[in-house]
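Coordinate inspection notes
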Amino acid sequence: MEALMPIITQLIAGAAGGNAASAVLKQQAFGVVARTIVGAIGGLGGGFLIQMLGGEAAATGLAMQAIGGLVGGGVLSGIVGQFLGKTA
């Protein structure tokens, strides 16, 4: 269970980051469920990058995983929303 904690943290933080970024950018290109899924995927990617760049110290810190997930989810959600191109 301890090995799943960083992944769960990344998924939750990514979903939150994706929804927050879409709200700030006023993106209406896709719905809440799609934003949550895209954000969660971005959160996994952001957490993975933190692990790759930060080494062991970042890989073990749940706070760093959450920050990486939040940023990754927000960035991917923003990119997908701009790609779809419908903003308010």
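From a predicted model like this one, the values you see are computed outputs, not experimental measurements.

Digging into the overall build of the chain
Helices and strands together make up the secondary structure of the chain, namely 3 helices and 0 strands. Ordered by position from N to C terminus, the α and β elements of the chain give α-α-α. When the 88 residues of the chain are sorted by exposure, 34% land in the buried category. Considering only residue pairs separated by 6 or more positions, the chain has 74% of its internal contacts joining residues 24 or more positions apart.

Considering the UniProt feature "transmembrane region" (unreviewed entry) in the chain
Mapped onto the present numbering, the UniProt feature "transmembrane region" (unreviewed entry) falls on residues 32-50 and 62-84. Note that residues 32-50 is 100% helix and 0% strand, and that its end C-alpha atoms are spaced 26 Å apart.

A closer look at the environment of Gly17
In this structure, Gly17 sits in helix α1 (residues 5-24). A residue is classified by how much of its surface remains accessible, and Gly17, at 5% relative accessible area, is buried. For the pair Gly17 and Val75, spaced 58 residues apart in sequence, the C-alpha to C-alpha distance is 8.1 Å. Apart from residues no more than four positions distant in its own chain, Gly17 is found in contact with Leu70, Gly73 and Gly74.

A closer look at α1
Between the first and last C-alpha of α1 there are 28 Å, a value that for 20 residues agrees with the 28 Å anticipated at 1.5 Å per step. Taken from the residues just after α1, Lys26 is the one with a positive phi, measuring 55°.

Thoughts on the environment of Ile41
On the secondary structure map, Ile41 appears in helix α2 (residues 32-60). Considered as a pair, Ile41 and Leu11 are 30 residues apart in the sequence and their alpha carbons are 7.1 Å apart.

Calculation notes
Residues numbered from 1 in each chain as written. Predicted model: local features only at pLDDT ≥ 70, side-chain atom pairs only at ≥ 80, totals over all residues. Heavy atoms only, no water. Helix = DSSP H or I, 4+ residues; strand = E, 2+ residues; numbered from the N terminus. Buried < 20%, exposed > 50% of the residue type's maximum accessible area, 1.4 Å probe, protein only. Contact = heavy atoms within 4.5 Å. UniProt positions renumbered as here; feature names shortened; annotations may be inferred. Expected span 1.5 Å × (residues − 1).

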